[in-house]
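Chain residues, written in single-letter form:
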Amino acid sequence: QVQLVESGGGLVQAGGSLRLSCAASGLTFSTYVMAWFRQAPRKKREFVAGISRSGFSTDHSDSVKGRFAISRDNAKNTVYLQMNSLKPEDTAVYFCAADGSRRLVGRSEYQYAYWGQGTQVTVSS
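Residues numbered from 1 in each chain as written. Predicted model: local features only at pLDDT ≥ 70, side-chain atom pairs only at ≥ 80, totals over all residues. Heavy atoms only, no water.

J.: Looking at this model, I keep getting lost on the state of the cysteines. Mind explaining?
T.: Evaluation of the coordinates by the stated rule reveals 1 disulfide. The disulfide bridge from Cys22 ends at Cys96, spanning 1.9 Å between sulfur atoms. Across the S-S bond of Cys22 and Cys96 the torsion is about 40°, and the bridge reads as right-handed. Taken together, the residues span a long stretch of sequence, with Cys22 in strand 3 (residues 18–25) and Cys96 in strand 9 (residues 92–99) at a distance of 74 residues. The class for Cys96 is buried, based on a relative accessible area of 0%. (Disulfide = S-S within 2.5 Å. Helix = DSSP H or I, 4+ residues; strand = E, 2+ residues; numbered from the N terminus. Buried < 20%, exposed > 50% of the residue type's maximum accessible area, 1.4 Å probe, protein only.)

In structure tokens form, the structure reads like this:
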């Protein structure tokens, strides 16, 4: 079965950096659009970044553009989220998601059929 396992979360001070990883198994990774979403307490889950199957095309939300960068390594079946200049408002559970039905990156969570369990990121001020 499809499994997405996130890692790399933790506690960091404002201005610091973290790199999240999401290891995928049970699917042909290179044929899936991948994305990162996040959900803060009492808030809806929101799109953070997405990457096309080849990695050539990416999309980042306005709130993280210029600070976060999504990338993927199809040989390792892994997608990454490099997070720099972290702010307290970035505190959330971060989820990776996979979509095998479309070619383009989408920002709607309903596009993504598979989800990881999430990893907590906490940014202290």
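So that's the structure; there's more coming.
J.: Please clarify how the environment of Gly66 should be interpreted in this entry.
T.: Structurally, Gly66 can be placed in the loop between strand 6 (58–60) and strand 7 (68–73). Separated by 19 residues in sequence, Gly66 and Ser85 have C-alpha atoms that sit 9.3 Å apart.

J.: Even after reading the chapter, I still don't get the nonpolar core, so can you show me in this structure?
T.: Across soluble globular proteins, nonpolar side chains have a tendency to be buried as a group. Counting 28 residues, the largest nonpolar core has Trp36, Leu81, Met83 and Tyr94 as the members making the most contacts within it. For this core, the secondary-structure elements that each account for two or more residues are strand 3, strand 4 (33–39), strand 5 (46–51), strand 7, strand 8 (78–83), strand 9 and strand 11 (119–124). In terms of nonpolar packing, the next biggest core, distinct from the first, is built from 6 residues, Val33, Phe37, Phe47 and Ala97 among them. (Core = buried A, V, L, I, M, F, W, Y, C linked by side-chain atoms within 4.5 Å.)

J.: I tried to follow the pattern of salt bridges on my own but got confused; where do I start?
T.: For side chains bearing opposite charge, pairing can occur when the charged atoms are close. Counted under the stated rule, the structure contains 6 salt bridges. Measuring nitrogen to oxygen at the nearest pair gives 2.8 Å for the salt bridge that ties Asp90 to Arg67. Residue Asp90 is located in the loop between strand 8 and strand 9, and its partner Arg67 is located in the loop between strand 6 and strand 7; the two are separated by 23 residues in the primary sequence. Under the relative-accessibility criterion, Arg67 is labelled buried at 11%. What emerges from the salt-bridge pattern is a single network uniting Arg38, Glu46, Arg67 and Asp90. (Salt bridge = Lys/Arg side-chain N within 4 Å of Asp/Glu carboxyl O.)

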